[in-house]
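# Architecture and fold: a report
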Amino acid sequence: MPGLRGLITGVSACVVVVCGSDGDTASSAGDFPTIPIAEDLRLDGYTEDLVPVQWAGVSPGGDIAILQWQDHSVRFYDTSGTLLGSVGRQGEGPGEFRRLVRAGWIADTLWISDTQLRRSTLIGPDLEVVRTVPYHEMAEPAPGDTVPAYQGPSPYAMFADGGSIVWALRRADGMPIDAGTGPPLLRLSRDGHIENRVAGIASDEAGYVSFSVANGTAGSIIPFYPQLAWTVSPHGMRVGLLTTDMQAAEPYFRVIVVDGRGARVVDRSFTFMPEPIPDAVRDSAIHARAFSRSDTTVSRDIESALRDATPRVYLSATQILIGTDDRIWIGMRPTADGTRWRVLSPAGDPQGEILLPPRVRLRDAGAEYVLCTERDEFDVESVVRYRIGAARATDR
């Protein structure tokens, strides 16, 4: 890539913590024809009096659930956009919340995770609270296993048998988690025993600059640096990981999907042509990072370190989502035209791409729809559903 190799030198790859070799490589542009979409439902943020949306998803029957974290509640709408009802208020009793952060589906039952109360609440299709399930305080090895135990795991999926997928950030024995493998996603049984490690969510320490100062350590995240993106499917049976390698002869992003037992079901890489970051944009990002603190002497040192470390080209792919039908959605770098989302089949084969308008965020996707939030100039969010043209559940 004449003229670009010098720009990408020094930018390392993100780490994918699963076993095996690199996957198949495919060209990225011609394999993704544009798929038309059309808005077919809008829940207006003003009309519906919506506060910022923490999470939004579509049930197997088509109803829409929206977490309203500032209101400590979840709203339910039917497929036509008619309000079915709201569940929740601030508090600690049944059906009450303190900090509701994520949700998912067990068939037609919604589970909601509350990180402050450290419990999940299950709400049935009749909008009644089914039960509350306390977080496991410990993810422990099954009898006879020698894997480490972890403190304070947080759920990212729940299953009908009482099992769950959790993210564990602290080992119970106080030993640090290996930086090369990262905090694990674990599948737990109903009683909190570790059934298997699904994946590791490693952070790339090279994406941070730090150095010693008089009163400790100073540093900053490097702007535009490749970071691991990951997602858990709404039903919890798949985990997707997205990384970028910009040191390869042809830079590429890599998509890996594992099932709930940690077995790899997709491993595909897609090459791309890096786009240079304008100097003014790069300089502005570096300055904003460096001078976010009051100590201007340290800020100047951080700015100098960031100038050496910050990439000179944009990432190509930045987001990943797995839909209710197991198709894989890859969010490309947002531009003035909006955000292109490339669609892969559950097996990882390219199917096409859609273009979402600016200020629109993808929240959920199915065989025939994408559910999004749209933020206006006053930061009021509306929920918008688009129908996908020429996309069928059989396109697999």
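Residues numbered from 1 in each chain as written. Predicted model: local features only at pLDDT ≥ 70, side-chain atom pairs only at ≥ 80, totals over all residues. Heavy atoms only, no water.

## Looking at the overall build of the protein chain
Operational definition: Strands here are runs of E lasting at least two residues and helices are runs of H or I lasting at least four, both read from the DSSP assignment and numbered beginning at the N terminus. Exposure is judged per residue with a 1.4 Å probe applied to protein chains only, and the accessible area is read against the type maximum: over 50% gives exposed, under 20% gives buried, and values in between give partly exposed. Any two residues having at least one pair of non-hydrogen atoms within 4.5 Å are treated as being in contact. Working definition of accessibility: Shrake-Rupley area with a 1.4 Å probe, residue cover restricted to the visible protein chains.
When its secondary structure is counted, the protein chain shows three helices and 30 strands. Across the 396 residues of the protein chain, 52% fall into the buried class. Taking as baseline every contact in the protein chain between residues at least 6 positions apart, the subset at least 24 positions apart corresponds to 49%. Accessible surface for the protein chain amounts to roughly 17800 Å². Of this, 49% is attributable to carbon and sulfur atoms.

## Quick look at the pairing of strand S14 (residues 164–167)
This is how it is decided: Strands are treated as partners if at least two bridges between them are detected by DSSP.
Sheet analysis places strand S13 (residues 154–158) next to S14, joined by four bridges and oriented antiparallel. Bridge pairing links Ser-154 to Trp-167 in S14. Counted along the chain from S13 to the antiparallel partner S14, the turn is five residues long, and its residue Gly-162 has a positive phi close to 95 degrees. Note: S14 against strand S16 (residues 184–188), four bridges, orientation antiparallel. Its bridge partner lying in S16, Val-166 is registered against Leu-186.

## Considering the pairing of strand S18 (residues 208–213)
Within a regular beta strand, the side chains point alternately toward one face of the sheet and then the other, so they alternate between its two faces. Sheet topology note: the S18/strand S19 (residues 216–221) ladder contains six bridges and is antiparallel. For Tyr-208, the partnering residue across the bridge sits in S19 and is Ile-221. Counted along the chain from S18 to the antiparallel partner S19, the turn is two residues long.

## Digging into the nonpolar core
Threshold: What we call a nonpolar core is a set of buried Ala, Val, Leu, Ile, Met, Phe, Trp, Tyr and Cys residues that are connected through their side-chain atoms within 4.5 Å.
Counting residues in hydrophobic clusters, the biggest one holds 19 residues, and the most contacted among them are Leu-242, Phe-253, Val-255, Ile-320, Ile-328, Ile-330 and Leu-344. Elements represented by at least two residues in this core include exactly strand S22 (252–259), strand S23 (264–271), strand S24 (317–322) and strand S25 (328–332). Residue contacts for Leu-242: discarding those within four places in its chain leaves Gln-227, Leu-228, Ala-229, Phe-253, Arg-254, Val-255, Ala-317, Thr-318, Gln-319, Ile-320 and Ile-330. In this structure, Ile-35, Leu-321, Trp-329 and Ile-388 belong to the second largest nonpolar core, which totals 15 residues.

## Comments concerning the environment of Ala-229
If you trace the backbone, Ala-229 turns up in strand S20 (residues 229–232). Taking C-alpha positions, Ala-229 is 9.9 Å from Ala-202, a pair spaced 27 residues apart along the chain. Apart from the residues within four sequence positions on either side, Ala-229 is in contact with Gly-240, Leu-241, Leu-242, Thr-318 and Ile-320.

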